[in-house]
Amino acid sequence: APLLTLRLSVQKGQVVLLPPPEDLISRLLELIDGVSKVTSAISCVEYELVPFCNLPQNLMYEISADNSLLEEAKEATKEVILECLAGPQEIQAMYQNYAYLLTEEVADMDALDVDSVRARTESYLQAGTEIEKLTATVMKYPFFELHCDEIIQTLSQEAYQLAYSCLSTVAQSVHERSDKVLYEWQ
């Protein structure tokens, strides 16, 4: 089973991994720093098991925060995390290709240009379908499990809403023109 769960979400019009990779790396490196704190608090077993021998109370492991082995472990951990994030970041980039849907507007559309409206509506519907088929809702990687359901829903709904807006704009235009004709005939 994966150690951590990541998810794709939208922030400021961009598709992002949550938690952000920088935060994730930072938290895991903090855990490694915690190792030196914990090990520095453990006394030798002999002191506690054989109190009548008057053995000195020494620390079992003396690891300082700037120990070269600890620094190497932190660097290796960071490299492994970055390598393991490659798969989720590829998926993020795939969905980022559809982020334009988040800022797209249909207000500038000419409702009388039927071919343009049809092409635009078809492109939105196609984008929605592609988004839904892009990946599974949960992608499993060696270190991570990536949940994509939120981004799939957000982007596909946005694509379908844009297609609906195109059709609504045309319907509104037809309605207004038919009302105008009806008014002229009365």
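The numbers attached to residues start from 1 for each chain and follow its sequence in the written order. Residues qualify for local features only when their pLDDT is at least 70, as the model is predicted, and side-chain atom pairs are given and counted only at 80 or more; totals for whole chains, interfaces and linings, by contrast, use all residues. Side-chain calculation: all heavy atoms of the structure are included, whereas hydrogens and water are not.

### Considering the overall build of the chain
Under the DSSP-based scheme used, a helix requires at least four consecutive residues in state H or I and a strand at least two consecutive residues in state E, with every element numbered from the N terminus. In terms of helices and strands, the chain carries six helices and four strands. Order of helices (α) and strands (β) in the chain, N terminus to C terminus: β-β-α-α-α-α-α-β-β-α. In terms of its C-alpha atoms, the chain occupies a principal-axis envelope of roughly 115 × 25 × 25 Å. A burial count over the chain gives 31% of its 186 residues as buried. Contacts between residues were defined by any pair of non-hydrogen atoms, one from each residue, lying within 4.5 Å. Long-range pairs, those at least 24 residues apart, make up 68% of the contacts in the chain between residues at least 6 apart in sequence. Approximately 12200 Å² of the chain is accessible, and the part contributed by carbon and sulfur atoms is 55%. Side-chain charges in the chain split into 12 positive and 30 negative, and the spacing between the mean points of these groups amounts to 5 Å. Exposed residues in this analysis have more than 50% of their type's maximum accessible area, buried residues have under 20%, and partly exposed residues fall in between, with area computed by a 1.4 Å probe over protein chains only. Here the Shrake-Rupley method, with its probe set to 1.4 Å, supplies the accessible areas, and only the displayed protein chains count as covering residues. Neither His nor the chain ends is counted toward charge; the positive residues are Lys and Arg and the negative residues Asp and Glu. Just so you know, the charge point we use is NZ for Lys, CZ for Arg, CG for Asp and CD for Glu.

### Describing the pattern of salt bridges
Whenever Lys or Arg places a side-chain nitrogen within 4 Å of a carboxyl oxygen from Asp or Glu, that contact is recorded as a salt bridge. Taken as a whole, this structure holds six salt bridges when the rule is applied. Residue E71 pairs with K74 through a salt bridge whose shortest N-O separation is 3.8 Å. Residue E71 and its partner K74 are both found in helix α3 (residues 68-84); the two are separated by three residues, about one turn of the helix. Overall, K74 belongs to the buried group, its relative accessible area being 15%. The network of salt bridges with shared partners includes D33, E71 and K74.

### Here's the deal with the packing of helix α1 (residues 21-39) against α3
Every angle, taken between N-to-C directions, lies between 0 and 180 degrees, and every axis is a line fitted to C-alpha atoms, over only the stretch in contact when it is a helix. Orientation of α1 relative to α3, taken along the N-to-C sense of each, is 155 degrees, at an axis distance of 10 Å. Considering the angle they form, α1 stands roughly antiparallel to α3. Like other packed secondary-structure pairs, α1 and α3 cross with a definite hand, here right-handed. On the side of α1, the interface is formed by L24, I25, L28, L29, I32, D33 and S36, while α3 contributes L70, A73, K74, T77, K78, I81 and L82. Three residue categories are used. Nonpolar comprises Ala, Val, Leu, Ile, Met, Phe, Trp, Tyr, Cys and Pro, charged comprises Asp, Glu, Lys and Arg, and polar comprises the others, including Gly. By residue class, the composition of the contact of α1 with α3 is nine nonpolar, two polar and three charged. By definition in this entry, angles of less than 35 degrees are roughly parallel, angles greater than 145 are roughly antiparallel, angles of 65 to 115 are roughly perpendicular, and the rest are oblique. Take the far helix as the reference: if the near one is turned anticlockwise from it by less than a right angle, the crossing is left-handed, and if turned clockwise, right-handed.

### A few points about the packing of α3 against helix α4 (residues 86-96)
Between two packed helices, the angle of one axis relative to the other and the distance separating the axes together describe the packing. One way to put it is that α3 packs onto α4 with a least axis distance of 4 Å and a crossing angle of 35 degrees. Along its contact with α3, which presents L82, E83 and C84, the element α4 presents A86, G87 and P88. Per-class residue counts for the contact of α3 with α4 are four nonpolar, one polar and one charged.

### Details of α1
Working rule for helices: expected span equals 1.5 Å times residues minus one. End to end, α1 covers 28 Å across 19 residues, agreeing with the expected 27 Å (1.5 Å per residue, within 8%). Listed in full, the buried residues belonging to α1 are P21, L24, I25, L28, L29, I32, S36 and T39. Along the axis of α1, the buried residues cluster in a sector spanning 145 degrees; they form a single face. Across α1 from its buried face, at more than 90 degrees, point the exposed residues E22, R27, K37 and V38. In this fold, the buried residues of α1 make contact with β1 (4-11), β2 (14-18), α3, α4 and β4 (144-147). The arc in question is traced by the directions running from the helix axis to the C-beta atoms.

### Details of the sheet that holds β4
Whether two strands pair depends on DSSP finding at least two bridges between them. Across the sheet, four strands lie side by side as β2-β1-β4-β3; this open sheet has mixed pairing. Each of the sheet's edge strands pairs with one partner strand only, and the pair in question is β2 and β3 (138-140). Each adjacent strand pair in this sheet contributes to an overall mean axis angle of 25 degrees, direction not counted. Looking at chain direction, β3 and β4 are connected through three bridges and run antiparallel. Across the sheet, residue K140 finds its bridge partner in β4, namely E145. Along the sheet, α4 makes contact with β1, β2, β3 and β4, crossing β2 at roughly 160 degrees.

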